[in-house]
Amino acid sequence: MDIHRRRPTAGRATIDDTVLVERCRRGDHTAIEGLILKYQDRIFNVILKICSNPDDAAELTQDTFVKIIESIESFQGRSSFYTWAFRIAVNLTLNRCRRNVKLHMAPLEAFSDGLSEDKKLSVSDFLQDDCSPDPAQVAQNSELCRIAVKALTKLSDEHRAVIVLRDIEGMNYAQIAVVLNVQLGTVRSRLSRARRSLRQILEAFSQ
């Protein structure tokens, strides 16, 4: 089953996760497909931003849904299905990152070639400690988006994960705490350090 190649049907009605989960437990294959269609693209996107490899991201997305289906009976509902599913995805991805030997990445400076100084400064201001950036605004400029995504690969796995969950997936701190299995205070401090590190990376080539 190639999960990542599935696509939602236009106009498909949204069904509450709790209903789909209960139907999954009864062996309803339509409900299983409903959960896959609902979350596959978002999970793939988060995994891709953490592992930076499309082939690995596709495989990890498939592994995530296989584990979800295998473990659905153990889901107790103490958190939302959404955070439970992303916890599985992020755990699998971070474990893969820790096992893999890091590939040589092109220097970040190579991605700034041809950018005007004002665009370089815009990239260096991408993140602020006191607010979340608007990814859609950055994405309007493909060059800036390309550099920002490349800069993420320079962060540690844990820092990359917390930024992706907060600033790309848009989770709140409580949801991130569940996904990463850490305290709220840890989320705040880790996110602050991650944004500071990323901003330093971006500033390094804009000067």
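What counts as what
All residue numbers here refer to positions counted from 1 along the written sequence of the relevant chain. Confidence filtering applies because this is a predicted model: local features only for residues at pLDDT of at least 70, side-chain atom pairs given and counted only at 80 or more, and all residues used for totals across whole chains, interfaces and linings. Only heavy atoms go into the side-chain values, all of them from the structure, while hydrogens and water stay out. Runs of H or I in DSSP of at least four residues are treated as helices and runs of E of at least two as strands, each being numbered from the N terminus. Only protein chains enter the calculation, and the probe is 1.4 Å; a residue is then buried if its accessible area is under 20% of its type maximum, exposed if over 50%, and partly exposed in between. By the convention used here, residues are in contact when the closest approach between their heavy atoms is within 4.5 Å. For every accessible area listed, the method is Shrake-Rupley and the probe measures 1.4 Å; residues are considered covered only by the protein chains on display. The definition used for a disulfide is geometric: two cysteine sulfur atoms within 2.5 Å. Only centres within 6.5 Å qualify two rings of Phe, Tyr or Trp (six-membered ring in Trp) as a pair; their planes then separate them into stacked at under 30 degrees, edge-to-face at over 60, and tilted for everything else.

*Asks:* Residue-level account of the overall build of the chain, with values.
*Replies:* Within the chain, the regular secondary structure consists of ten helices and zero strands. The N-to-C order of helical and strand elements in the chain reads α-α-α-α-α-α-α-α-α-α. Residues classed as buried in the chain amount to 43% of the 207 residues present. Across the chain, contacts joining residues at least 24 apart in sequence account for 70% of those joining residues at least 6 apart. For the chain, the exposed area adds up to about 11000 Å²; of that, 49% sits on carbon and sulfur atoms.

*Asks:* Describe the state of the cysteines, with residues and values.
*Replies:* As used here, a disulfide is simply a covalent bond connecting the sulfur atoms of two cysteines. Summed over all chains, the structure comprises zero disulfides. The thiol of C51 is unpaired, and the distance to the nearest cysteine sulfur, on C97, comes to 6.0 Å. Among the residues examined, C51 registers a relative accessible area of 17% and is labelled buried.

*Asks:* Can you tell me about the environment of V179, naming the residues and giving the values?
*Replies:* Looking at the element boundaries, V179 is found in helix 9 (residues 173–180). Look at V179 and you get buried, because its relative accessible area is 0%. Between the alpha carbons of V179 and Y82 there is a distance of 9.4 Å; along the sequence they are 97 residues apart. With near-sequence residues (within four places) excluded, V179 lies in contact with T83, F86, R87, V90, L165 and M171.

*Asks:* For unusual backbone geometry, give the residues involved together with the corresponding values.
*Replies:* Look at S52: it is not a glycine, yet its phi comes out positive at around 65°. Here S52 is to be found in the loop between helix 2 (29–51) and helix 3 (54–71). For S52, a relative accessible area of 34% corresponds to the partly exposed category.

*Asks:* With reference to specific residues and values, describe the packing of aromatic side chains.
*Replies:* All chains considered together, the criterion is met by six aromatic pairs. Ring centres of F75 and F81 lie 6.1 Å apart, and the angle between their planes is 85°; on these two criteria the pair is classed as edge-to-face. On the basis of relative accessibility, which here comes to 9%, the residue F75 falls in the buried class. With relative accessibility at 4%, the residue F81 sits in the buried group. An aromatic cluster is defined as three or more aromatic residues linked by ring pairs; in this entry it consists of Y39, F75, F81, Y82, W84 and F86.

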